[in-house]
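The chain contents come next:
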Amino acid sequence: MRFWEKPFGKEKPKTICGEIHIINDRCKGCSFCIEYCPRDVLELSKDFNKKGYHPPVIAKPDLCTFCGLCEMICPDFAIFVTEKEEE
Ligand code: SF4
Ligand code: SF4
């Protein structure tokens, strides 16, 4: 006898992961993407870009959920995300 069912009779959907792309030399080091990322995926680089700012680096790539917030919030279009291909 079964006492439970899968919701809607379906398998659990796969979690979507994002692949982050940073265009370092467009960045002005405002840190918006770092501060507002809900999963703390990004952190500030110790290196400088051509403009003399610290761009973000990807600290925890596996935690990115492809929410797109960093892309939306960046005032200089210096970061964008794509859906990660299944391995
Ligand atoms: S897409 Fe979302 S989770 Fe991924 S780095 Fe950007 S803000 Fe963070
Ligand atoms: S929001 Fe854009 S400009 Fe600001 S630190 Fe992030 S990538 Fe650089």
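It should be noted that the structure appears before, not after, this text.
So, here is what we can say about the structure in this document.

The rules we used
Residues numbered from 1 in each chain as written. Chains lettered and ligands numbered in written order. Predicted model: local features only at pLDDT ≥ 70, side-chain atom pairs only at ≥ 80, totals over all residues. Helix = DSSP H or I, 4+ residues; strand = E, 2+ residues; numbered from the N terminus. Rg over C-alpha atoms; globule rule 2.2 N^0.38 Å. Buried ≥ 20, exposed ≤ 12 C-beta atoms within 10 Å, placed from the backbone. Near = placed C-beta within 6 Å. Nonpolar A, V, L, I, M, F, W, Y, C, P; charged D, E, K, R; others polar. Core = buried A, V, L, I, M, F, W, Y, C linked by C-beta atoms within 7 Å. Contact = placed C-beta atoms within 7 Å.

**Comments concerning the overall build of the protein chain**
Part 1: Of regular secondary structure, the protein chain possesses two helices and four strands.
Part 2: When the helices and strands of the protein chain are read in sequence order from the N terminus, they spell out β-α-β-β-α-β.
Part 3: A globule of 87 residues ought to have a C-alpha radius of gyration of about 12 Å, yet the protein chain, at 17 Å, is considerably larger.
Part 4: Oriented by its inertia axes, the alpha-carbon framework of the protein chain measures out at about 65 × 25 × 20 Å.
Part 5: Looking at the protein chain residue by residue over its 87 residues, the buried ones come to 18%.

**What to know about the site of ligand 2**
Part 1: As a structural note, the neighbourhood of ligand 2 is formed by 14 residues, with C27, C30, C33, C74 and A78 the closest of them.
Part 2: A per-class count over the shell around ligand 2 returns ten nonpolar, two polar and two charged.

**Brief notes about the site of ligand 1**
Part 1: Every one of the 15 residues lining ligand 1 counts as a neighbour, but C37, C64, C67, L69 and C70 are closest to it.
Part 2: Within the residue set of the shell around ligand 1, elements represented by two or more residues are β1 (18-22) and α2 (69-73).
Part 3: Tallied by class, the residues present in the shell around ligand 1 amount to eleven nonpolar, three polar and one charged.

**With respect to the nonpolar core**
Part 1: Of all hydrophobic cores here, the largest spans 13 residues; its most connected members are I20, C33, C70 and I79.
Part 2: Elements supplying a minimum of two residues to this core: β1 and β4 (79-83).
Part 3: Setting aside anything within four residues of it in sequence, one finds C70 in contact with C33, C37, L42, I79 and V81.

**Some remarks on the environment of E71**
Part 1: Examined against the element boundaries, E71 turns out to sit in helix α2.
Part 2: The exposure class assigned to E71 is partly exposed, which follows from the 18 C-beta atoms found within 10 Å.
Part 3: A C-alpha to C-alpha distance of 18 Å links E71 and Y53, two positions 18 residues apart in sequence.
Part 4: Contacts of E71, omitting those with residues within four sequence positions, involve I79, F80 and V81.

**Some thoughts on unusual backbone geometry**
Part 1: Positive phi values are uncommon outside glycine, yet S31 reaches one of about 70 degrees.
Part 2: Structurally, S31 is set in the loop between β1 and α1 (32-36).
Part 3: Judged by local crowding, S31 falls into the partly exposed class, with 16 C-beta atoms found within 10 Å.
Part 4: The residue F66 is not glycine, and still its phi comes out positive at about 65 degrees.
Part 5: Mapped onto the elements, F66 comes out in the loop between β3 (56-58) and α2.

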